[in-house]
Amino acid sequence: MTPIYSRITGTGSALPERILTNADLEKLVETSDEWIRTRTGIRQRHVAAEGETTGDLATLAAQRALEAAGVKASEIDLIVLGTTTPDIIFPSTACLVQHRLGANGCAAFDVNAACSGFMYALGVADKFIKSGQSKKVLVIGAETLTRMVDWTERETCVLFGDGAGAVVLEASGEPGIYATCLHADGGHKELLYNPVGVSAGFTDEPNHGVRIRMAGREVFKVAVKTLDSLVDETLQAAGMQESDIDWLIPHQANLRIIEATAKRLKMSMDRVVVTVDKHANTSSGSVPLALDFAVRSGKVQRGQNLLLEAFGGGFTWASALLRY
Ligand code: COA
């Protein structure tokens, strides 16, 4: 029997109109463009307008991906959406997006794996296709992370932005996704988290305590080490070596973390897709946004091998190696 692969047939993305530069942040907190650029590689980020939601960005990104794939929303039989900033508690943002697209009736659900949300969603969607359950799937990563940024805390407010990306994944006899690897270790919860919620309760702090808490230096160290072994594991799972990879499309949190992964892969930075300078860390939005930029700018070509990876709160980490 011919194996079933899942192939990306279209990509799309969406960003809020408003741009906040490092110079703008200098007016809000004690920081400098120079500090932000040298520590993180970030120059600017997009920030959602009042009333603009994760679902708005996700819908736009999905419409663009459907158009690129030449697929109608009514043909979609599954929507998996990675987010940690859903529009409302329920229904899921995937359900809200489904209705707006006109894909009513298919399965639709959210995945919360913090910054690894899109990579988790892609891994899940790949399994649905490989099992024969689904034929055409929308995989989305979308966030309005700035809604949980404390604009008075310089350690975190310079790092994040809003945005969404999406891909249409279709069943095919040709590769396709070769391997996906998904992991989590809840033991690191306190290094990167937002500790309030419906069940645990909210606090009397501003924004009801909804605020990212992060031990930046520790997160940095674990991320570099974990991504190193993730890269090894993914190559092994796909039966490939470093030289087989045409493009690294990493989670866009920090340029120094990206450079460390590229070094591990013995890849020069001109084979790495970098958008962190323009978008900052958009969590689940980051990898599909970077992919869409690379596709639309003509960098990534059909037939090339791409290594996608992400690391985030939980901790969670996940990857995919695929032929585009
Ligand atoms: N502007 C100016 N100074 C700042 C600052 C800012 N925005 N944020 C922190 N600082 C200061 C600190 O207070 C500290 O001052 P001190 O030396 O007087 O105590 C100094 O800069 C250095 O802080 P440190 O935390 O050691 O910097 P760093 O080199 O580790 O860089 C991060 C900080 C946050 C950029 C870096 O640790 C990082 O990117 N970590 C990973 C975060 C991440 O990616 N999270 C999401 C994962 S999905």
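You'll find the protein entered in an unreviewed UniProt entry as Beta-ketoacyl-[acyl-carrier-protein] synthase III, with Dyella thiooxydans given as the organism. Of the protein, the UniProt comment under Catalytic activity (unreviewed entry) reads exactly: "malonyl-[ACP] + acetyl-CoA + H(+) = 3-oxobutanoyl-[ACP] + CO2 + CoA". The UniProt entry for the protein carries the following comment under Subcellular location (unreviewed entry): "Cytoplasm".

## Quick look at the site of the ligand
The immediate surroundings of the ligand are formed by 22 residues, with Thr-31, Arg-39, Gly-216, Arg-217 and Asn-254 found nearest. Here an oxygen atom of the ligand and a side-chain polar atom of Arg-256 are 3.4 Å apart. Here the ligand, which alone exposes 960 Å², has 75% of that area covered by the protein. Secondary structure elements with two or more residues in the shell around the ligand: helix H2 (33–40), helix H6 (154–157), helix H7 (216–238) and strand E12 (305–312). The dominant element in the shell around the ligand, judged by the number of residues it contributes, is H7, at 4 residues.

## What to know about the sheet that holds strand E1 (residues 5–14)
An order of E1-E7-E6-E4-E5 is seen for the 5 strands of this open sheet, with the pairing classed as mixed. This sheet does not close on itself; its edge strands, each paired only once, are E1 and strand E5 (107–111). Along the sheet, successive strands turn relative to each other by an average axial angle of 20 degrees, direction set aside. When strand E6 (residues 136–144) meets strand E7 (residues 162–172), the two strands line up antiparallel, connected through 9 bridges. What sits directly across from Thr-144, in E7, is Asp-162. In the packing of helix H5 (residues 117–130) onto the sheet, contacts are made with E1, strand E4 (78–82), E5, E6 and E7, and the angle to E6 comes to roughly 170 degrees.

## As for the UniProt feature "domain: Beta-ketoacyl-[acyl-carrier-protein] synthase III N-terminal" (unreviewed entry) in the protein
In the numbering used here, UniProt assigns the "domain: Beta-ketoacyl-[acyl-carrier-protein] synthase III N-terminal" (unreviewed entry) feature to residues 109–186. Taken end to end, residues 109–186 is 23% helix and 40% strand, and its two terminal C-alpha atoms sit 22 Å from one another.

## Here we look at the sheet that holds strand E8 (residues 177–184)
Reading across the sheet, the 4 strands line up as E8-E13-E12-E11 and stay open at both edges, with mixed pairing between neighbours. Strands with a single pairing partner mark the edges of an open sheet, and in this sheet they are E8 and strand E11 (247–250). Across this sheet, the average inter-strand angle for adjacent strands is 10 degrees, counted without regard to direction. As paired elements, E8 and strand E13 (residues 316–323) share 7 bridges and run antiparallel to each other. Bridge assignment links Thr-180 to a residue of E13, and that residue is Ala-320. The sheet strands contacting H5 are E8, E12 and E13, and the helix crosses E8 at an angle near 130 degrees. Seen against the sheet, helix H10 (residues 286–296) touches E11 and E12 and runs at an angle of roughly 140 degrees to E11.

Rules of the game
- Residues numbered from 1 in each chain as written.
- Predicted model: local features only at pLDDT ≥ 70, side-chain atom pairs only at ≥ 80, totals over all residues.
- Heavy atoms only, no water.
- UniProt positions renumbered as here; feature names shortened; annotations may be inferred.
- Near = heavy atom within 4 Å.
- Polar contact = N/O pair within 3.5 Å; in protein donor to acceptor, adjacent residues only side chain to side chain.
- Areas by Shrake-Rupley, 256 points an atom, 1.4 Å probe, with all protein chains shown as cover.
- Helix = DSSP H or I, 4+ residues; strand = E, 2+ residues; numbered from the N terminus.
- Pairing = 2+ DSSP bridges.
- Axes fitted to C-alpha atoms, helices over the stretch in contact; angles between N-to-C directions.
- Contact = heavy atoms within 4.5 Å.

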